[in-house]
Amino acid sequence: MYLTKEVKADIFAKHGGAASNTGSAEGQIALFSHRISHLTEHLKRNRKDYNTERALVKLVGKRRSLLDYLKNKDINRYRAIIKELGLRK
């Protein structure tokens, strides 16, 4: 499986502050970004997998709403996570 406990703990430790801080917006955005990149690679190989495509669109929407929340709550944290994950050009 592509998303093991260790990978999740790594993501939350790097972006969320601590491995046990799974509720932080930055940690969840980073986790969604990891899942989005995995699903994107899957869809490059399997173009007609419409269920995965729908799941990808839903994940992108969830990440977008978390980013909007973070932008309204604390613009500096928003800018930091965008820069760290490379989500904007």
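Each value, and the rule that gives it
- Residues numbered from 1 in each chain as written.
- Predicted model: local features only at pLDDT ≥ 70, side-chain atom pairs only at ≥ 80, totals over all residues.
- Heavy atoms only, no water.
- Helix = DSSP H or I, 4+ residues; strand = E, 2+ residues; numbered from the N terminus.
- Buried < 20%, exposed > 50% of the residue type's maximum accessible area, 1.4 Å probe, protein only.
- Contact = heavy atoms within 4.5 Å.
- Areas by Shrake-Rupley, 256 points an atom, 1.4 Å probe, with all protein chains shown as cover.
- Lys, Arg positive; Asp, Glu negative; His and termini not counted.
- Charge placed at Lys NZ, Arg CZ, Asp CG, Glu CD.
- Expected span 1.5 Å × (residues − 1).

Let's talk about the overall build of the protein
Next, step 1: Looking only at helices and strands, one finds 4 helices and 0 strands in the protein.
Next, step 2: In the protein, the succession of α and β elements from N to C terminus is α-α-α-α.
Next, step 3: For the protein, the residues scored as buried account for 30% of the 89 residues in total.
Next, step 4: Pairs at least 24 apart in sequence give 45% of the contacts found in the protein among residues at least 6 apart.
Next, step 5: When the accessible surface of the protein is split by element, carbon and sulfur atoms take 51% of a total near 6300 Å².
Next, step 6: Once the 20 positive and 9 negative side-chain charges of the protein are each reduced to a mean point, those two points are 5 Å apart.

Section: helix H3 (residues 50–73)
Next, step 1: In a regular helix each residue adds 1.5 Å, so 24 residues correspond to 34 Å; H3 covers 35 Å between its end C-alpha atoms and thus fits that length.
Next, step 2: Listed as buried for H3 are Thr-52, Leu-56, Leu-59, Arg-63, Leu-66, Leu-67 and Leu-70.
Next, step 3: Those residues of H3 that are buried are in contact with helix H2 (25–45) and helix H4 (75–85).

A few points about the environment of Leu-39
Next, step 1: For Leu-39, the location among the structural elements is in helix H2.
Next, step 2: With 17 residues separating them in the primary sequence, Leu-39 and Leu-56 have C-alpha atoms 6.5 Å apart.
Next, step 3: Look past the residues within four positions of Leu-39 in its chain and what remains in contact with it is Thr-52, Ala-55, Leu-56 and Leu-59.

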